[in-house]
Amino acid sequence: MLWRGSQALRLFSTGQVYFKNKLKLALIGQSLFGQEVYHHLCKEGHRVVGVFTVPDKDGKADPLALAAEKDGTPVFKFPRWRVKGKTIKEVAEAYKSVGAELNVLPFCTQFIPMDIIDSPKHGSIIYHPSILPRHRGASAINWTLIMGDKKAGFSVFWADDGLDTGPILLQRSCDIEPNDTVDALYNRFLFPEGIKAMVEAVQLIADGKAPRIPQPEEGATYEGIQKKENAEISWDQSAEVLHNWIRGHDKVPGAWTEINGQMVTFYGSSLLKSSVPPGEPLEIKGAKKPGLVTKNGLVLFGNDGKALMVRNLQFEDGRMIPASQYFSAGETSVVELTAEEVKVAETIKVIWAGILSNVPVIEDSTDFFKSGASSMDVVRLVEEIRQKCGGLQLQNEDVYMATKFEDFIQKVVRKLRGEDQEVELVVDYVSKEVNEMIVKMPYQCFINGEFTDADDGKTYDTINPTDGSTICKVSYASLVDVDKAVAAAKDAFEKGEWGRMNARERGRLMYRLADLLEENQEELATIEALDSGAVYTLALKTHIGMSVQTFRYFAGWCDKIQGSTIPINQARPNHNLTFTRKEPLGVCAIIIPWNYPLMMLAWKSAACLAAGNTLVLKPAQVTPLTALKFAELSVKAGFPKGVINIIPGSGGIAGQRLSEHPDIRKLGFTGSTAIGKQIMKSCAVSNLKKVSLELGGKSPLIIFNDCELDKAVRMGMGAVFFNKGENCIAAGRLFVEESIHDEFVTRVVEEIKKMKIGDPLDRSTDHGPQNHQAHLEKLLQYCEAGVKEGATLVYGGRQVHRPGFFMEPTVFTDVEDHMYLAKEESFGPIMVISKFQNGDIDGVLQRANNTEYGLASGVFTRDISKAMYVSEKLEAGTVFVNTYNKTDVAAPFGGVKQSGFGKDLGEEALNEYLKTKTVTLEY
């Protein structure tokens, strides 16, 4: 063991700059938490001179002991420290022999005498998982949830002769999520942040900067250890109190009740915020209202009329089942194993034997947990099976639901055969009666063919921009959810039905999905109007209509993707054949913007799926709902599990993880240039994944004096105000020839005054709300900047005085080339007009091209020669001549310069999701 003493200098991760003072430490305690604290303290240069832990249990050493023994650190395993109130002499001598300067107790279940606590120069510090003085005692995490606290946290305190009463050294806190369990809270915050805090506390002591803040008695509570016998549910309480009681006991000791004469323990509680689904009544002792066994789980009712749902049930014999299967439990017959399945069973038996090293022989009746396994062993079991059994992906719950070896093998075999899959998709909708219909909106992550809450239970509000109200809460995908989605997509591509499916069958599924999109177009357009503010009639025609067309177009390509034969120079007398194959890339990530939520999904995912890839798609955080409805329809169309995965959430978490993930082979992104650059960098650094980017624009529209002016005015307005200006190819700057400039501006303003601004669901509305509050504020700032720089505000520039995020269509003139308005994209209903001298074609072209963007452009003229010349010289991915916004599913779409690279739509889009393999054979 390398020890550099007090001369060691190290950069510390918690914010301290350089540490030079190091201590000799005694670690007293056990558990994986203790092991991690030990590792981090050693890493920071402190010297652990002794580890004092518990004796081996069932032949298995504690994780802290294992780590210390591996490093050669002295390890002492005392069953107790005192007898009849007095410290055991041999124990005290062994402790004092190590010469510790500080005792660190990360997690300790033993009673440590005060002469040991006070022995070191700096005394002793203890980690406690609550915000002291609240919840003193050994079941602090449980009581934090049981009591319905809004915040959880931990304290590192100086040990004294009281029970968790010593002075505070430091504390940390976090918000409690609505469906947090003990495990979720511990894994998300108390464990990782607690390790950092223990290391920080030790360094503060070493540096002589550690505070001693007396605990106040005000607000102090002490609760006893929660045991199974006092965890029975008392039913005459509100749904929230029942939920807190159940989750506060999940997984240990487990809240229970009596059903049909036997003890049944509840796990996986969540408050039910949607309507109660239909189900079969289940009488529960003490409950005033029967529970309901539904497809989603067991619904329970509080005395306030509100409901909660539990996901899993455990019986007295230790057997755990999904709550939805209560009435069918025990009906599954024993399956006979094939020769191949017997080999898998033998491999799993070896894995069990490695984990349960204290069990001489693994028999059918061997119980995983009764043999000494812990929750960490569950993780190890699942991971080892995945590695050694051909990538078989089990869930932790599978272990808890089949604890005996024989039952576990039966579950594994059913997984292998696909018999464990749900026949019917379970969707927990948020329903709203709107637009003369009831729209049903999924709101959870869609991973591996199932809708599920985010792993940590987090949600966020998605807002209706028409009035600023909350539509619903949507799952906020975590890093764990991203990894699950990628793993599901990878498994579907490499081992699932999708990877073996022929191209024509793939096309059939895509045609079916297009049909379902069309059948549900009114509901989809309504959701799009609610979630994004799109005018309903436009959403119906463009947002949804073009999505249907896109899937039909690429469905037709599925069985027409082909390579080519290539004549090469023969090496006589041999003959060679060289040909190319077009092959899918694998797992693709797609990140889409908020302006056309469903259409942008379709543009990228249709080409991706037609090429044979699987995908993980992250919709924009502010507009997730049509993507989740799309996921539901994909199941109805027959897409296999794992092929399509939708993870709502933030770009900074979910999006960044997708760009870094080593199992993703391609990322398609539409959004801002700044974020596109960051994504490209992450994709390069991670695994050099293929990238296509459709980024910002400042599309010039040149209007010559020989144009058809009526059409130019009409099309020019569409070029700017289409979809409220939230349009990637919107004309960011209009160049109008001097002789028609004033008339053009006058006629545009006259037409704007005729536009109806209002509810996007009103069929007569021309102009709806901007997508979200922050965007509206940015647009108003954009207008302020234009006025300050001297541009002329001809019309608009203000927020409409009504609820919601409405902005007046706006017109600026006299915009000079150096101005902010001339250079930066607004992405809103702001027309920016500059005039150019009569006949100065090359001059206006130079000005039009004087931008780092190059997404689209346009020209209006009756002179075909002029039109061809200008379209040749404009530096843009698309040039519109005497029209604008005319995109088609067969025409490639994409930009140049800092507007990105790669194409959506058309045959070229397929190449973004394919790789070319060259094969040469000799005959």
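Computed from a predicted model, the values in this text were never measured in an experiment.

The feature "binding site: (6R)-10-formyltetrahydrofolate" (unreviewed entry), as annotated in UniProt, sits at Q110, F111, I112 and D164 in this numbering. Spatial clustering of the annotated residues is evident: they stretch over 55 residues in sequence, but the largest pairwise C-alpha distance comes to 13.8 Å. One can find F111 in the loop between β8 (102-105) and α4 (114-117). Mapped onto the elements of the fold, D164 is located in the loop between β10 (151-158) and β11 (168-175). Overall, the relative accessible area of 12% leaves D164 in the buried class. Apart from the residues lying within four places of it in its own chain, the contact partners of D164 are H128, L132, R136, G137, F157 and Q215.

Overall, the coordinates contain 42 salt bridges when judged by the stated rule. Here D706 makes a salt bridge to K866, at a shortest N to O gap of 3.3 Å. Separated by 160 residues along the polypeptide, D706 in the loop between β32 (699-703) and α21 (709-721) and K866 in helix α26 (residues 864-873) bring together distant segments of the chain. Owing to a relative accessible area of 14%, K866 belongs among the buried residues under this scheme.

Let us look at empty space enclosed by the protein. For the coordinates displayed, the defined rule picks out 3 cavities of 30 Å³ or more. Elements represented by at least two residues in the lining of the largest cavity include exactly β33 (731-737) and β36 (830-836). Space inside the second largest cavity adds up to approximately 60 Å³. Along the wall of the second largest cavity there are 15 residues; nearest its centre are P700, T851, Y853, G854 and E875. Those elements giving two or more residues to the lining of the second largest cavity turn out to be β32, α25 (841-849) and β37 (856-860).

A separate point is the side chain of Q444. Within the secondary structure, Q444 sits in the loop between β20 (437-442) and β21 (445-447). Of the polar contacts made by the side chain of Q444, one reaches the side chain of D453; its length is 2.9 Å. For Q444, the contacting residues outside a window of four places in its chain are D428, F451, T452, D453, S475 and L628.

Let's shift gears to the pairing of strand β31 (residues 690-694). Buried residues dominate β31, accounting for 4 of its 5 residues. Two strands pair when backbone bridges link them, and strand β30 (residues 666-670) and β31 are joined in this way by 5 bridges, in the parallel orientation. Pairing of G668 across the sheet is with S692, part of β31. Handedness of the crossover joining β30 and β31 through helix α20 (residues 673-687) is recorded here as right-handed. Sheet topology note: the β31/strand β39 (residues 900-901) ladder contains 2 bridges and is antiparallel. From the neighbouring strand, L693 faces β39, where its bridge partner is F901.

Reading the values: rules and limits
Residues numbered from 1 in each chain as written. Predicted model: local features only at pLDDT ≥ 70, side-chain atom pairs only at ≥ 80, totals over all residues. Heavy atoms only, no water. UniProt positions renumbered as here; feature names shortened; annotations may be inferred. Helix = DSSP H or I, 4+ residues; strand = E, 2+ residues; numbered from the N terminus. Buried < 20%, exposed > 50% of the residue type's maximum accessible area, 1.4 Å probe, protein only. Contact = heavy atoms within 4.5 Å. Salt bridge = Lys/Arg side-chain N within 4 Å of Asp/Glu carboxyl O. 1 Å grid on protein atoms, 1.4 Å probe; cavity = no way out; pocket = protein on both sides within 12 Å on 5 of 7 lines; lining within 4 Å. Points joined across faces, edges and corners; volume = space filled by probe spheres on them. Polar contact = N/O pair within 3.5 Å; in protein donor to acceptor, adjacent residues only side chain to side chain. Pairing = 2+ DSSP bridges. Right-handed = clockwise from strand over helix to strand, strands pointing away.

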